[in-house]
Protein chains: 2
Amino acid sequence: MTAPNIAAAIEAMSHLEVDTKPASVKTKSRDFFWYSPVLKDRLDGLVADFVVSPRNEAEVIEVLKICYEHDVPVTTRGAGTGNYGQAIPLAGGCVLHLNLMNAVKEIHPGRTIVEPGCLLKDIDAATKEHSGQEIRLFSSTWATATIGGFIAGGSGGVGGVRWGGLRDVGNIIRLRVVTMEAEPRVLEITGEELHRVSHAYGTNGIITEIEIPLAPAYDWVELFLSFKDFTEALTYCYDLVGCDGMLIKLATVFEAPIAKDYFQRVAPYVEADDVVVALMVAPHAMSGFQTFSARYDGADVIYRSDDHDWARHPGHVFEYAWNHTTLRALKVDPSITYLQVGYGTDDPISLVNKMREMFSPEVLQHVEVTRQGGRVGMGGLSLVKFSDEARLDEIVALHEAEGAMIFNPHRYTLEEGGRQSTDERQLEFKREADPKGLLNPGKMIAWDDPDWGYDQMYAYPGLRKAAE
Amino acid sequence: MTAPNIAAAIEAMSHLEVDTKPASVKTKSRDFFWYSPVLKDRLDGLVADFVVSPRNEAEVIEVLKICYEHDVPVTTRGAGTGNYGQAIPLAGGCVLHLNLMNAVKEIHPGRTIVEPGCLLKDIDAATKEHSGQEIRLFSSTWATATIGGFIAGGSGGVGGVRWGGLRDVGNIIRLRVVTMEAEPRVLEITGEELHRVSHAYGTNGIITEIEIPLAPAYDWVELFLSFKDFTEALTYCYDLVGCDGMLIKLATVFEAPIAKDYFQRVAPYVEADDVVVALMVAPHAMSGFQTFSARYDGADVIYRSDDHDWARHPGHVFEYAWNHTTLRALKVDPSITYLQVGYGTDDPISLVNKMREMFSPEVLQHVEVTRQGGRVGMGGLSLVKFSDEARLDEIVALHEAEGAMIFNPHRYTLEEGGRQSTDERQLEFKREADPKGLLNPGKMIAWDDPDWGYDQMYAYPGLRKAAE
């Protein structure tokens, strides 16, 4: 890359919402990468030179045009709740903050059209109010995260038990994307091409409009159940998700003593050896839920949101699931980190159990049940007691050796956090949409070093720390 | 059974809506058993002595009390669209016609409470109008069939591709049932006990109120596709249903030349060797549908309800599927009958293909893709060119020998049309709710002959033909 002309870029954006105050630029240069001690070591202290918050697509185009002209790197952020360092500006430059582009533009039966900076919870509020609808999938950071960040930086979450993941056909309808060129183009992206820019960390285009499907909104009954036996809890959830007539939105299993040790408001109601299950069940499915649960001797409902006597409301149960589990553990024990594990659909219960036998309590199982390719599958956001990087790498390798796929959250590149191989569609589109390589530099190995062998953690040579 | 006192019963019901006119009693004593040449041979000409149409539950109780007192058999009917002779009064007596109990009583988010005589299409009209909702599951006789008949005599249908079958937990919430005793009781039945009376042909209680879940109503796009290769069409549908992010309501495969020979309004648009697929896709899933379909070279959309130039509207595509396929074939070739086949979820495509190799064209494959226990499965309503009963039995046996389960639609008993074994829950409840055995006599073998060995077709000894 040519050296950026930061001053000229800022000057050219004087009519836009630009922030150059060091404290707030620093804040807006961070995301939740610190869930990982490895990323914390690598990414702490990285800051942009300035932040710009466009109010609409025309201003996005202006920003990209100016930054292109002055060779300024552009890292896009929503709320910065990602955990892979997606929104960290590795090479300084501009943070493109989409917080002002937060309109819900259209709502129709089964779909909505929104701007990327809209909070997930605000979309739900608008669509529920409008026509009793809600988004299918959301991250556990629903209350604070943006839809653009979720789509560009996430893979799935709550609702995955019914709808699968964001990559599955039908879960994103259309993305409108601006390219990083001398004359930025605006592209409408649908179909197979969605994979070019969804989950690409903003490395190959800026999403300015999103069309996603909606599901009916219900007053979900949120539940905690306790079990004494881990396998029974897993089996219970697996079977429940296999009940095609039962409408549920979340099924999560926490190995003991996760709930007792890390879930402050749940702890008074469980013992250290309690395996806890979190569920969201449609109100009209509660009768079926009772029927189903009575088949499992060990299932004990300790909390349901529509009928409980807990002294302190625990909040949404989904704020204990997905990566909120890690967050809660981290707050109690800063040495906790996590791994993202794919247990697949063939025999996930056995594979989870094998990992538990190999690693508990160094690694505690936190399992999310989801639909995967039409079958019931499991994924883990396992809690890991961190000792050092070598041991963490060893744990990763041992998982992979047993057939448990790792999406490594201790890496900041798309490839290392994914399948450790070049995504040709994303790379090809970056060549077309970001010829200077200015979008979120350092996040796509294939762009920087096509021959990278993945034998060690990639270290982007352009890392630019604040103090440097 | 003690000999019934028909005259006394009719006398006691003089204040009710009673029909004794021979022509209309004959009509109301029939259902669609004639899809089966075997049942036609056995059941043709059977008639009740009279028909009574209660206006409400209190009148149902009155009818049952009177019939109990006078030992009059009671066979309950909705619209009489069943194909297993469910509504045929084998021993004469009273036909309890629920056509006047057709109110939609309550509609809530995700559920409705209705009377049993309500037409499926009328529930949909009311719930759609009220709050954009519709029933999850319905038979292809949606336009004419009642919800009570569907639940008491059916097992599933359109929507099964998403929600599984009626027996699956969550697809029926509650049934209100009146018993056949000296003092009839009214029972609220939920949970595991639902299996006592759902799909029991009214042999052990009369359903007077039904609570079922609802799904969001969409303006489903109805499609026909053609393929040149049968296996590709099966695979296409299997994979499509496995797309968790794609909201569809029907996926049906018709072996060639079913569409050309039997689907009059489709025939001009297909060749004799065209395998045809019928689909219902949510409008907001059409973009995903295009993406998915483009992956299959052989998939050719020949009709979509929202955009077509067919000279004659083909009607609802679901009126080509499920048992409407058989109906359409029968109208063209009266020698056609059918079998109901379960291909399961393990390797249904191979099993369907094996049956096709063994029997085509004597048996033509008509396959419905459904969810079964959390997995994608297939069932068949295969078209059979009927020669004689011995060959039909042989075809059944050959299916079973290969692991394809047969739900034999050429039998009028619950057991023979099901799993050929006593359903202890249904039997036990009949002992309790119908001590005189007056409800739909002859339909539950276990009641009549507990030691029946299923080595031949059961022949109810109480059969009473009109002329006798």
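Counting from 1, residues in each chain are numbered in the order their sequence is written. Ligands are numbered from 1 and chains lettered from A, in the order in which they are written. In keeping with the predicted nature of the model, local features appear solely for residues at pLDDT of at least 70, side-chain atom pairs appear and are counted solely at 80 or more, and the whole-chain, interface and lining totals rest on all residues. Side-chain figures throughout are based on the complete set of non-hydrogen atoms in the structure, without hydrogens or water.

## Describing the sheet that holds strand β4 (residues 94-97) of chain B
All names here are of chain B. Paired strands, in this sense, are two strands between which DSSP finds at least two bridges. Under the scheme used here, helices are H or I runs from DSSP no shorter than 4 residues and strands are E runs no shorter than 2 residues, and both carry numbers assigned from the N terminus. Pairing in this open sheet of four strands is mixed, and the strands run β1-β2-β4-β3 from one edge to the other. The two strands at the open ends of the sheet, each matched to only one other strand, are β1 (18-19) and β3 (74-77). Across two bridges, β1 lies against strand β2 (residues 50-52) in antiparallel orientation. Counted as the bridge partner of D19 is V51 from β2. Contact between two residues is taken to exist if any of their heavy atoms lie within 4.5 Å; hydrogens are not considered. In this description, a line fitted to the C-alpha atoms serves as the axis of each element, helices being fitted only across the stretch in contact, and the angle between N-to-C directions of two axes falls anywhere from 0 to 180 degrees. On the sheet, helix α4 (residues 57-69) packs against β2, β3 and β4 and is oriented at approximately 170 degrees with respect to β4.

## Focus: unusual backbone geometry
A cis geometry characterises the amide bond from S360 of chain A onward to P361 of chain A, with omega recorded as 5 degrees. For the bond running from A256 of chain B to P257 of chain B, omega is 0 degrees, close enough to zero to count as cis. With respect to the secondary-structure elements, P257 of chain B resides in the loop between β12 (248-254) and α10 (258-262). Of note in this structure, D71 of chain B is not a glycine but carries a positive phi near 55 degrees. Checked against the element boundaries, D71 of chain B lands in the loop between α4 and β3. At Y201 of chain B, a residue that is not glycine, the phi angle is positive and equals roughly 60 degrees. Relative to the helices and strands, Y201 of chain B resides in the loop between α8 (194-197) and β10 (206-216). Partly exposed describes any residue whose relative accessible area lies between the buried limit of under 20% and the exposed limit of over 50%, with all areas from a 1.4 Å probe on protein chains only and scaled to the type maximum. For Y201 of chain B, a relative accessible area of 4% puts it in the buried group.

## Here we look at the UniProt feature "domain: FAD-binding PCMH-type" (unreviewed entry) in chain A
If you check UniProt for "domain: FAD-binding PCMH-type" (unreviewed entry), the listed places come out as residues 43-217 of chain A in our numbering. Along residues 43-217 of chain A one finds 23% helix and 25% strand; the C-alpha atoms at either end are 39 Å apart. UniProt positions are given in the numbering used here, feature names are shortened, and annotations may be inferred rather than shown by experiment.

## Notes on the relation of the copies chain A and chain B
Placing chain A over chain B gives an RMSD of 0.0 Å and needs a rotation angle of 180 degrees, together with 0.0 Å of translation along the axis. Here the copies are linked by what is in effect a two-fold axis. Ranked by how close their C-alpha atoms come to the rotation axis, the residues of chain A are headed by R375 of chain A, at 2.7 Å. Mapped onto chain B, 100% of the interface residues of chain A again fall at the interface, so both copies present the same surface. What sets the superposition is a least-squares fit of C-alpha atoms, and only residues with pLDDT of at least 70 in both copies go into it.

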